[in-house]
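# Coordinate inspection notes
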Amino acid sequence: MNTPAPIKLIDGKAAAARVLAEVKAQVADMKTQGIAPGLTVVLVGDDPASHVYVRNKVLRAEECGIQSREHRLPADTSEASLLGLIGELNADASVHGILVQLPLPGHINETRVLQAIDPLKDVDGFHAENVGGLSQGRDVLTPCTPAGCMRLLEDCMGDISGKHAVVIGRSNIVGKPMAALLLKAHCTVTVVHSRSANLKELCRQADIVVAAVGRPRLVDADWLKPGAVVIDVGINRITEGERSRLVGDVDFDSALPKVAAITPVPGGVGPMTIAFLMKNTLTAARLQQEAPCPSIS
Ligand SMILES: NC(=O)C1=CN([C@@H]2O[C@H](COP(=O)(O)OP(=O)(O)OC[C@H]3O[C@@H](n4cnc5c(N)ncnc54)[C@H](OP(=O)(O)O)[C@@H]3O)[C@@H](O)[C@H]2O)C=CC1
Ligand SMILES: Nc1nc(=O)c2c([nH]1)NC[C@@H]1CN(c3ccc(C(=O)N[C@@H](CCC(=O)O)C(=O)O)cc3)C=[N+]21
């Protein structure tokens, strides 16, 4: 009799559903103590790609009992008025999580805006206090996408200590925090980017590849060691003939026969990002319960 082929597809939707179920139970528990966790999303301008993201966030929040609110501001909103809104949200005790959707319009200084968010409400983990805490290995609010990728890796591989992980991309949102988390989990970490020489050769040495580039199907089978585990963060909209669809940074069809496991796009990392946003909102509500937030004391 043939042994069944190992399951290669990492099901991000199912993993996200498990995280959301945990969050839902803990939210219900928190409500019995009189606290209703709330998430506020701030959108500046009208980027069509962000609509799907926002719609999914609203649905998932509803599903696990988190109150979600949105502020949609016009693209010509001044930095001062955005900072004013963040000040109000920091002072509002019913708002436990604040997410300012990136990228912001060019006339707004992104760092200034992220630094204005109360670190205890920073559910994206982008404030310097949280970025620094992560790099020190402290247990702080951690960026959702890399946290979701780590959960997928742990579910699929168990202990990853000693593995060689190659992260393609060095953004503040994905690449850098991903590298920090892998290092915290005792991996040997290589970060490559647009100026790296021998990109493909470095990638071929990896037990774990995390692709966060934004280049459709950049990574194919030729870049991968047989048996590697591939986490594809990329979400790229492409048009093929009449149709438009989403593809990752990895050429899924080419990679599949060679890898031990791989995330699909869609249905891989994306749902985990949103699940961890909910988890972070719950964590933020707990942190504020433990220590009254500095902006209102
Ligand atoms: N699934 C999810 O939940 C999420 C998905 N995304 C998706 O992930 C992808 C990456 O996002 P993000 O990190 O914000 O993107 P950025 O554009 O901020 O960063 C991309 C990184 O990739 C590097 N890069 C670009 N081209 C190449 C190349 N040809 N070879 C090697 N490295 C290259 C850049 O290098 P350099 O620094 O030198 O410019 C940069 O470090 C996008 O497709 C985005 O849509 C993002 C967030 C969440
Ligand atoms: N402050 C901030 N934090 C972010 O985390 C952030 C951001 N800004 N700006 C934009 C990027 C992108 N991002 C996505 C998250 C989930 C999906 C997602 O749910 N994707 C689904 C559905 C995709 C679809 O069907 O369109 C999937 O991959 O299966 C997509 C994209 C978070 N980002």
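Just so it is clear, the structure is predicted and the values come from calculations on it, not from any experiment. (Residues numbered from 1 in each chain as written. Chains lettered and ligands numbered in written order. Predicted model: local features only at pLDDT ≥ 70, side-chain atom pairs only at ≥ 80, totals over all residues. Heavy atoms only, no water.)

Here the focus is the overall build of the protein chain. Looking only at helices and strands, the protein chain features ten helices and ten strands. The C-alpha radius of gyration of the protein chain comes to 20 Å, within 12% of the 19 Å expected for a compact globule of 297 residues. In terms of overall dimensions, the protein chain has a C-alpha envelope of 60 × 40 × 40 Å along the principal axes. A total of 297 residues make up the protein chain; the buried ones form 46% of that total. Across the protein chain, the fraction of contacts at a sequence separation of at least 24, relative to all contacts at a separation of at least 6, is 71%. (Helix = DSSP H or I, 4+ residues; strand = E, 2+ residues; numbered from the N terminus. Rg over C-alpha atoms; globule rule 2.2 N^0.38 Å. Buried < 20%, exposed > 50% of the residue type's maximum accessible area, 1.4 Å probe, protein only. Contact = heavy atoms within 4.5 Å.)

The next thing to look at is the UniProt feature "domain: Tetrahydrofolate dehydrogenase/cyclohydrolase NAD(P)-binding" (unreviewed entry) in the protein chain. The UniProt feature table records "domain: Tetrahydrofolate dehydrogenase/cyclohydrolase NAD(P)-binding" (unreviewed entry) at residues 143-288. Helix makes up 37% of residues 143-288 and strand makes up 21%, while its end C-alpha atoms are separated by 18 Å. (UniProt positions renumbered as here; feature names shortened; annotations may be inferred.)

Near ligand 2 lie 17 residues; those nearest to it are Tyr53, Val100, Leu102, Asp124 and Gly267. Contacts to ligand 2 include Asp124, whose side-chain N or O atom sits 2.6 Å from a nitrogen atom. Elements that contribute at least two residues to the shell around ligand 2 include exactly helix H2 (48-63), strand S3 (97-100) and helix H10 (269-290). Top contributing element to the shell around ligand 2 by residue count: H10, with four residues. Across the shell around ligand 2, the residue classes break down as eleven nonpolar, five polar and one charged. (Near = heavy atom within 4 Å. Polar contact = N/O pair within 3.5 Å; in protein donor to acceptor, adjacent residues only side chain to side chain. Nonpolar A, V, L, I, M, F, W, Y, C, P; charged D, E, K, R; others polar.)

By size, the foremost hydrophobic cluster in this structure holds 53 residues, and its most contacted members are Leu182, Ile231 and Met278. Top element by residues in this core is H10. It accounts for ten residues. Setting aside chain neighbours within four positions, we find Leu182 in contact with Met150, Leu153, Ile160, Ala165, Val167, Cys187, Val189 and Val210. Listed in part, the 17 residues of the second largest apolar core include Leu85, Val95, Ile98 and Phe126. (Core = buried A, V, L, I, M, F, W, Y, C linked by side-chain atoms within 4.5 Å.)

Attention now goes to the pairing of strand S1 (residues 38-44). For S1, the tally of buried residues reaches seven of seven residues, placing the bulk of the element in the interior. Where burial is concerned, the two faces of S1 agree: the one with Gly38, Thr40, Val42 and Val44 and the one with Leu39, Val41 and Leu43 are both buried. In the classification by handedness, the crossover that spans S1, the intervening H2 and the parallel strand S2 (residues 67-73) is right-handed. (Right-handed = clockwise from strand over helix to strand, strands pointing away.)

The three strands lie next to each other as S2-S1-S3, forming an open sheet whose pairing is parallel. The open sheet has two edge strands, S2 and S3, and neither has a second partner. Looking at each pair of strands side by side, their axes are set apart by 15° on average, direction ignored. Alignment of S1 against S3, held across four bridges, turns out to be parallel. Looking at the pairing, Leu39 lines up with Gly97 of S3. Lying on the sheet, helix H3 (residues 79-91) is in contact with S1, S2 and S3; it crosses S1 at an angle near 180°. (Pairing = 2+ DSSP bridges. Axes fitted to C-alpha atoms, helices over the stretch in contact; angles between N-to-C directions.)

Glancing now at the site of ligand 1. Around ligand 1, the structure places 19 residues, and the nearest of them are Arg170, Ser171, Ser194, Ile235 and Thr273. Backbone polar atom of Ile235 to an oxygen atom of ligand 1: 3.1 Å apart, as the coordinates give it. Here an oxygen atom of ligand 1 and a side-chain polar atom of Asn236 are 3.4 Å apart. Taken together, the residues of the shell around ligand 1 sort by class into seven nonpolar, ten polar and two charged.

Attention now goes to the environment of Asp155. By the element assignment, Asp155 lies in helix H6 (residues 144-157). Separated by 77 residues in sequence, Asp155 and Ser78 have C-alpha atoms that sit 44 Å apart. Ignoring sequence-local partners within four residues, the contact set of Asp155 consists of Ala15 and Arg18. Among the polar contacts listed, one links the side chain of Asp155 to the side chain of Arg18, at a separation of 3.3 Å.

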